[in-house]
There are 2 protein chains.
Amino acid sequence: MANLDMFFKPNAIAVIGANNKELTIPYRIISNLQAYGFKGPIYPVHPKEKVVKELPAFPSILDTPGPVDLAHIILRRDLVPATIRDCAKKGVKGVVVNTSGFSETGPEGKKLEDELRDLGRSLGVRVFGPNCQGMMNTDLDHPLYSNFTFARIKPGHISILAQGGGVAEVLNSYLSEAGVGIRMYASNGNACDVSIPEILEYWDADPETHVMVLHLESFADPKAFLDVVSKIKKPILGMKSGTTPEGARAVASHTGRLMAEDTITDILFDECGVLRFRTAQELCEAAIAFANQPLPKGRKLGIVTNAGSPAILATDEAVPLGLALPDPTEKTQTLLREKLFATSSVHNPVDMMATATPENWATAVEAVVKDGTYDIVTTSFITPFFVDCEGVARELARIHRENPELPFLVCLMTNPLWEKTRKILADAGLPTYYFPESAARAAAALADMADLKARAKGKVPELKVDRDAVAKLLAAAPDGFLPAEKASEVLRLYGLPVAREKWCASADAVPAAAKEIGYPVVLKAHATALVHKTEAGAVAVNLGDEKALRAALDGMTKSIGKVDAFQVQEFVAGGTEVAVGAVRAEGLGATVMFGLGGIYIEALHDVRFGLAPLTDLGAESMIRRLKFGKLLGPFRGKPGVDQAKLRDVLLRVGRLVADHPVIAEMDLNPVLAFPDGARTRVADVRLRVAK
Amino acid sequence: MANLDMFFKPNAIAVIGANNKELTIPYRIISNLQAYGFKGPIYPVHPKEKVVKELPAFPSILDTPGPVDLAHIILRRDLVPATIRDCAKKGVKGVVVNTSGFSETGPEGKKLEDELRDLGRSLGVRVFGPNCQGMMNTDLDHPLYSNFTFARIKPGHISILAQGGGVAEVLNSYLSEAGVGIRMYASNGNACDVSIPEILEYWDADPETHVMVLHLESFADPKAFLDVVSKIKKPILGMKSGTTPEGARAVASHTGRLMAEDTITDILFDECGVLRFRTAQELCEAAIAFANQPLPKGRKLGIVTNAGSPAILATDEAVPLGLALPDPTEKTQTLLREKLFATSSVHNPVDMMATATPENWATAVEAVVKDGTYDIVTTSFITPFFVDCEGVARELARIHRENPELPFLVCLMTNPLWEKTRKILADAGLPTYYFPESAARAAAALADMADLKARAKGKVPELKVDRDAVAKLLAAAPDGFLPAEKASEVLRLYGLPVAREKWCASADAVPAAAKEIGYPVVLKAHATALVHKTEAGAVAVNLGDEKALRAALDGMTKSIGKVDAFQVQEFVAGGTEVAVGAVRAEGLGATVMFGLGGIYIEALHDVRFGLAPLTDLGAESMIRRLKFGKLLGPFRGKPGVDQAKLRDVLLRVGRLVADHPVIAEMDLNPVLAFPDGARTRVADVRLRVAK
């Protein structure tokens, strides 16, 4: 692991390009360092100025009196390389190149940036940036505001890493103004040398960082991200810009890099256990929960409230996010009925009405916390004038202190007149939210992260497959799509449940083949010229006997003309359609995709990915974390499909593409799933070879 | 329209049940009235106290010295009726029954509540509540805080109506603390007499109310809601609790009313032009935009920013919400290239970089506003130390003032150090948001409301249909599902494009029927015992000639046994499946439903409703406002379907169910839509008669 102390805990800082103009970046960096109480010397460097912001200035970094481990460089881009050479001579360990005009401007800038990086590496100077803000640290021993921005920072446990300075500032300001605070902060712009994975890894080792927040516009090196970030233990909450074509274009215009395809982000985040968020606000609200709360053991949420209607908003938000809201045990309900006002609801949400006293709150929350039913507890707390709200807050703080293993969130619906109430909760490390839905979403994020982290403990299981036979078959195949017959054979050799089928070179052989498979059958005519088999009448399904088969066969022979081969397949009626795919991702190897087929993938983008070979828990998580995965479970009176069998299909596909890198892509679509796993069938397969 | 001045602009208020205990509801109401500067007399009423909160108290409402038009009643529920009688004697025009213990507690309470309502009506006293908070008014001539809550209110243009007191408080506190302010406020609990539609209608006539925010837990009277609210001109932003079964159960436990089915809300909100929101925060953020901004003419959004990465977040949020982000015209791009820094992006978002001066901002925003391309403009504004941010704010304020017809939103990413900048924007009536995605969502809400309001201008078109023939056919039918043959006939008489078909009582007649329809055909065997025709082999599709037909016919005859009738249908290959339905909604008459079929309806609930008969614009809006409606347009290389033809299908179905109330429900599923509208076919229909 790289030691980045020179950036986050420097002992002495030079600001090269400093001057006395107030509205400039170097002046602002010096002001920020001073105002935030940097403990070491700050050396302004300027060819002529003797004093900058009351500090002695020096004509060159080489003239500074003491050792320097960090230097900001704010000079014209063509002056940067020579300055880095001087820094190396001086023994500077890291430089922050704030200057812009590098890879974000096009090929010429990219070349200059590569030169910077190579120069730094050859001289042993780490380069942060270019085209970047800098970093901050709220550690009391190393207070550092080495950045030209304007957020008022407050110490906390959330570390923020964002490529784009604007988003970094938005996240940071929100969390600091919300009173939650941050631990460290980095916005490293073009990231030519010091990389995002390196910074995350460095923070993973920082005991005061409880959660990391990551905003990306592009992956510089997906493989490096995967290798490093997948080993990180602390939770990472991530966002990636450019999820729409319009947004991706704007990313491109902004950073000179286009990644229209969002898939790689899903793959990397899923594999690395990075929980992905859609909006900056949802990300921040989740971070507030992660800053001080443990991960839950499950998805059961208990709500206690003194106002019914807001708790219903929380309920309506929580349920579609996959949280369950079971009632408390009978014993707890009886206790609550005895101790609370008669008008209270003792179900979930437990609703005590606005008049609830601190004692009522203590009774209800303690009962719910100790009930054993819940993995997460939230309280929906409105602050009436006629209640001792500070007393309520003290009870909540106490219960949280006595039950630190249970994630506890508070929806505090109030205004600044109740600042003391808020402070009691904040001092207890209780995350507070204004809107009930926000608390519900944050609770769901905690549960989602627990799910994602559990996946990391999976094992790649042993599977009985005929690896050698497939290797031989693929070695003999030319580049391009395998003939359907061969593709089926490959799947069969890996134990995948391909529909029974026979291939016949001529019509004469078809009836015998059908008899062997057993009626009803599907008949398909294959001919090079046919693109849409169904519309051309080259597919006949549910042929119940030989007569029906012969009729269909005659029809096809007549209407299509030259047929290369007939495929006779068992007819699989019903079943839930899912799709399994595999594709190689640049630099990452083979990935397996799972989705609910058709429009779920194309229009709703409801797919999950895993790197091959898959682990047992990885495959399970791909199925469980589908957005519309409930369609696989018992749904509207239909029984659920056998998910263990689907998991087995995913594992075998993962094994297959991991074993045989010549498989460029595969598409098992549809796979028909049934409540009885033995009926599961791959109904169609495409497999492309590229050597 | 009911005059509710006695509630919102009373001249004298009695508080019946007042006392000197600080932590009680009546004491708090009196304190709030005093603190908020109520201009008339306040009369505490208590059997023994002589003075309450320094005001002379009276033993009965009848003893108060001057006229009283409003009375709060906070007494045991059994004392309320006699008190209302006294109020009537005194000439009180309205009573607010804060007391709880009525319909929310069960049948006995409901009976008491009905008695209250009837008593009030017989005596000419309007009843607000019971089990409610009260109301507020920030009108400078009628300052009124007739409520026991704790929000710090600020005058503004948003009026809030929420059944549940907790949610009312959450909405109000948020808007008032955000500095946007409210106009009037009502939380009327059980709403036994003064109803939600009445209050909305009253506010529609209030010139200072620009937008109404509505939170419902249940509809007391859907028909009254429809009749009144559909005539309201001002925008209403709505929310309804209980969208999940868990939430609905909680609503029920809270208010004694269960409405598991969310459909009625969609119908009523759509018909009344109420824009529905999913979360309280999205509702509030939209309200901030509606408070001072006009509705846009279209959905084209222009973004100007001084920070690239946050503008990309806004873009990624806006596009899936159906906003378009076209580039400025060439002319504008040229102008921007000339006037802005070279590193700026002159596309959309226009990105000027952090160093942009007030002059740069003025140039860019003015160019975009005057470009003619955009219906809404947002600026994504981060406040650097080295820029005159107040100058930027003044330019934005000026441009907004000079272009009041264009909705203008600001994303202001800053902290309280820039309070003056914020104030300049707020004073100019510019809505500001912290997160870029919030501004994008608010912009989309403005556009959605414009769409919804446009629908109200629709006309019910004349259609050529054979009403009498259908009436005759339906009159002859018994209750229950019409035979498929008859159902098809009904559709055909209303000009609906039913697939061509023939019905044959015996197998012998089938070949001739197929010949008449023209190959390829579909053959279906109908038998009472058959439930799943496809799985039983009773459906054969794409039969290309007589031989194939005969083979299928033989197969069916053998495998099924007794067949009641054979249906021979034209085979429609391909097409996009949609579903059209009709059902009667309690108290509202017939409604038409449109969706994308199958899982879009069942799992994604992506359906739209309209009351029959539909208007042209109403039908169009049902299609356009589908969440996944993009699947009907050109999508991933497929051409779009003929939407005018779909609209015609909806109009005819609406006409049919409006003309014939004996049609209890109908299901046209699937309807196959094509780019060539003439190919559109209703492939299956079910029609149930109930007399």
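Everything here concerns the structure above.
Residues numbered from 1 in each chain as written. Chains lettered and ligands numbered in written order. Predicted model: local features only at pLDDT ≥ 70, side-chain atom pairs only at ≥ 80, totals over all residues.

1. A few points about the nonpolar core
Proteins that are soluble and globular tend to have nonpolar side chains buried together. The cut-off we apply is this: In plain words, the nonpolar core is the set of buried Ala, Val, Leu, Ile, Met, Phe, Trp, Tyr and Cys residues that C-beta atoms within 7 Å link up. Burial is judged by counting other C-beta atoms within 10 Å of a residue's own C-beta: 20 or more means buried, 12 or fewer means exposed, and anything between counts as partly exposed, with every C-beta placed from the backbone. Counting from the N terminus, the helices are DSSP H or I runs at least four residues long and the strands are E runs at least two residues long. The contact criterion used is a C-beta to C-beta distance within 7 Å, with each C-beta placed from the backbone.
Counting residues in each nonpolar core, the largest one holds 405 residues, and the members touching the most others are A:Ala287, A:Ala443, B:Ala287 and B:Ala443. Sorting elements by how many residues they give to this core places helix 16 (residues 436-455) of chain A first, with 11 residues. Sequence-distant contacts of B:Ala287, defined by excluding residues within four places in its chain, comprise B:Ile158, B:Leu175, B:Val211, B:Val213 and B:Leu237. Counting 38 residues, the second largest nonpolar core, distinct from the first, contains A:Val521, A:Ala548, A:Val568 and B:Leu553.

2. Section: the relation of the copies chain B and chain A
Where we set the bar: To line up the copies, we fit them by least squares on C-alpha atoms, keeping just the residues with pLDDT of at least 70 in both.
Aligned on chain A, chain B shows an RMSD of 0.2 Å; the corresponding rotation is 180° and the shift along the axis is 0.0 Å. The superposition of one copy onto the other is thereby described by a two-fold rotation axis. In terms of proximity to the rotation axis, the leading residue of chain B is B:Ala551, whose C-alpha is 2.7 Å off the axis. Most of the interface of chain B is mirrored in chain A, where 99% of its interface residues are also at the interface.

3. So, the sheet that holds strand 8 (residues 134-137) of chain A
All names here are of chain A. Spelled out, the test is: For two strands to be treated as a pair, DSSP must find at least two bridges joining them. Angles here are taken between N-to-C directions and fall from 0 to 180 degrees, while the axes themselves are lines fitted to C-alpha atoms, restricted in helices to the stretch in contact.
Pairing is mixed in the open sheet, where seven strands are placed in the order 9-8-11-10-12-13-14. The sheet is open, and its two edges are formed by strand 9 (144-146) and strand 14 (274-276), each paired on a single side. Going from strand to strand, the sheet's axes swing by 20° on average, the running direction of each strand aside. With five bridges joining them, strand 12 (residues 211-216) and strand 13 (residues 236-240) adopt parallel strand pairing. Its bridge partner being in strand 13, His215 is matched across the sheet by Met239. Along the sheet, helix 6 (residues 196-204) contacts strand 10 (155-162), strand 11 (182-187), strand 12 and strand 13; its crossing angle with strand 10, the most-contacted strand, is approximately 165°.

4. Side note on the interface of chain B and chain A
Using the following cut-off: Each residue is assigned to one class: nonpolar for Ala, Val, Leu, Ile, Met, Phe, Trp, Tyr, Cys and Pro, charged for Asp, Glu, Lys and Arg, and polar for all the others, Gly among them.
Listed per partner, the contact involves 77 residues of chain B and 77 residues of chain A. Among the elements of the structure, helix 5 (165-177), helix 8 (245-255), helix 10 (280-292), helix 11 (308-318), helix 16 (436-455), helix 20 (546-560) and helix 21 (598-602) of chain B are those that each provide at least two residues to the side of chain B that touches chain A. The biggest single contributor to the side of chain B that touches chain A is helix 11 of chain B, with nine residues. Grouping the amino acids of the side of chain B that touches chain A by side-chain chemistry returns 34 nonpolar, 27 polar and 16 charged.

5. Observations regarding the sheet that holds strand 15 (residues 301-305) of chain B
Residues and elements named next belong to chain B. Ordered by their spatial adjacency, five strands build an open sheet running 16-15-17-18-19, and the pairing between neighbours is parallel. Every other strand in the sheet has two partners, leaving strand 16 (350-351) and strand 19 (432-433) as the edge strands with one partner each. Summarising the sheet, strand 15 and strand 16 pair through two bridges and their orientation is parallel. From the neighbouring strand, Thr305 faces strand 16, where its bridge partner is Asp351.

6. Quick notes on the pairing of strand 22 (residues 521-526) of chain B
Residue and element names in this part refer to chain B. When you tally the buried positions in strand 22, you get five out of six residues, the bulk of the element. Bridge count between strand 22 and strand 23 (residues 539-543): three bridges; the pairing is antiparallel. Its bridge partner lying in strand 23, Leu523 is registered against Ala540.

That is the geometry; function is a separate question.
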